[in-house]
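Breakdown of the fold
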Amino acid sequence: MKIILISILLSLSAIVRAQDGNLKKWTQETDPKTVGTLVAKRFVASPHNSFRPPAPPNSITYPEVCAWYGTLRFAKTTKDKELLEQLKNRFMPFFGAEKNLIPKPAHVDANVFGAIPCELYMQTGEKQFLDMGVMFAEAQWTLPDSAEQSKKEEYRKLLDRNLSWQTRYWIDDMYMITMAQTQAYRATGDRKYVDRAAHEMHVYLDTIQRPNGLFYHSPDAPFFWGRGNGWMAAGMSELLLSLPEDNGDRPAIMASYLKMMQSLKQFQRSDGLWGQLIDDADAWAETSSSAMFTYAMIVGVKNGWLNKNEYAPVAKKAWMALVTHINADGDIDSVCEGTNRKNDYQYYLDRQRKTGDMHGQAPILWCAAALLD
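Rules and cut-offs
Residues numbered from 1 in each chain as written. Predicted model: local features only at pLDDT ≥ 70, side-chain atom pairs only at ≥ 80, totals over all residues. Heavy atoms only, no water. Helix = DSSP H or I, 4+ residues; strand = E, 2+ residues; numbered from the N terminus. Expected span 1.5 Å × (residues − 1). Buried < 20%, exposed > 50% of the residue type's maximum accessible area, 1.4 Å probe, protein only. Contact = heavy atoms within 4.5 Å. Polar contact = N/O pair within 3.5 Å; in protein donor to acceptor, adjacent residues only side chain to side chain. Lys, Arg positive; Asp, Glu negative; His and termini not counted. Salt bridge = Lys/Arg side-chain N within 4 Å of Asp/Glu carboxyl O. pLDDT = per-residue confidence, 0-100.

Let's shift gears to helix H10 (residues 191-208). The terminal C-alpha atoms of H10 lie 26 Å apart, and with 18 residues this matches the ideal 26 Å at 1.5 Å per residue to within 8%. Along H10, the residues classified as buried are Tyr193, Val194, Arg196, Ala197, Ala198, Glu200, Met201, Val203, Tyr204, Leu205 and Ile208. Tucked inside the fold, the buried residues of H10 contact helix H7 (127-139), helix H9 (173-188), helix H11 (226-242) and helix H12 (250-267). At the N-terminal end of H10, a side-chain oxygen is found 3.1 Å from the backbone nitrogen of Lys192, two or three residues along, and the residue is Asp190.

Structural data, given as structure tokens:
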């Protein structure tokens, strides 16, 4: 009876801690610095594209980019110079023996790679990183010579509307395009990057956001898939962090962000996470999307976009739940495998659940850095 009573009291204590909404008060197990250090060390020790063994990588893929960016942000926030040096050393072979691993800037998922050298430039001041990062950002608004003739007219029409030729109205684009452009703005101070990212975001939001604030995976896959919505939540958050107040697209983007956060708050499950399909209470709890939503809410609370009393408890409950899914090696479980769109409800529910996949490692690092920032 005594053991049962202690267990109940501990559970109640955890609930109270989650409900208090204090984003600076943590137990040792949930402390963002402790958790972030564990996951960051795991990233440093991981080979390139380690979520796709055993095939060797042809080039660096976006999940690794996102985890790399998160680890860099964590190193900056914690002032960990040793970690920064390790992350720089991981990159340096791309200027030499491993230059074949640099993705070709010819696809939206490849161009987000530019976020890493931009961040390395901002933390080290070394211009070689800036030049590479800006090249990836510029490529999103430059008609590629290699484009098929049949596609060039379509791409020109997009560029004439000040949209990236990579525009396709897929939800993950609004992280991949946004990060390449926003990081270029942060690194150079040139507003053309963030202004065109904001215009692109505004057009995407007008085109694909649903009345409830969420997003279908695509028009031909009308399901509220978790991680797809996570890319939108994180992309809007990153853009709003740097978008000047006088930008004409900012009010519309903020309104869309707030609408999405309100909907996500309503769909948070009792365990603190969100489902593989957000609006399906019986869908399995998926961690990469949950971490992305948590990051968006942490950023919103800390920057005064979201009501602290209303959203801080939601974010804290989610973080405390996410931490229970991270093992001693620093790998998070229940990460949805890479998922293409498909007009099949069961297809989403049947996706494999991965452990240590960088789709999930990345937003845990974003959250840890944001909580400590």
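Let us now look at the side chain of Lys152. Relative to the helices and strands, Lys152 resides in helix H8 (residues 149-160). Of the side chains bearing the opposite charge, Asp145 lies closest to the buried Lys152, which forms no salt bridge; the N-O distance is 5.7 Å. Residues in contact with Lys152, not counting those within four places in the same chain, are Leu143, Pro144, Asp145 and Ala147.

Moving on, we come to the confidence of the model for the protein chain. Close inspection of predicted coordinates is inappropriate in any region flagged by low pLDDT. Per-chain confidence: the protein chain averages 93 in pLDDT, with 93% of residues scoring 70 or above. Within the model, pLDDT remains below 50 along residues 1-16, and this stretch shows 1 contact once partners closer than five positions in the same chain are excluded.

Another point: the pattern of salt bridges. Side chains bearing opposite charge may pair, as long as their charged atoms lie close to each other. Inspection of the entire model under this criterion finds 21 salt bridges. Residue Asp131 pairs with Lys127 through a salt bridge whose shortest N-O separation is 2.8 Å. Taken as a pair, Asp131 and Lys127 lie in helix H7 at a separation of 4 residues, close to a single helical turn. Classification of Asp131 by relative accessible area gives partly exposed; the value is 42%.

As for its placement among the helices and strands, Gly275 is situated in strand S1 (residues 274-275). The exposure class assigned to Gly275 is buried, which follows from its relative accessible area of 1%. Separated by 15 residues in sequence, Gly275 and Ser290 place their C-alpha atoms 7.9 Å apart.

This next bit is on unusual backbone geometry. A negative phi angle is the norm for most residues apart from glycine, just as the trans form is the norm for most peptide bonds. Even without being a glycine, Lys79 presents a positive backbone phi close to 55°. Looking at where Lys79 falls in the secondary structure, it is placed in the loop between helix H3 (62-78) and helix H4 (81-91). Overall, the relative accessible area of 71% leaves Lys79 in the exposed class. In the Ramachandran plot, Asn162 falls in the positive-phi region, its phi being about 60° despite a non-glycine side chain. Relative to the helices and strands, Asn162 resides in the loop between H8 and H9.

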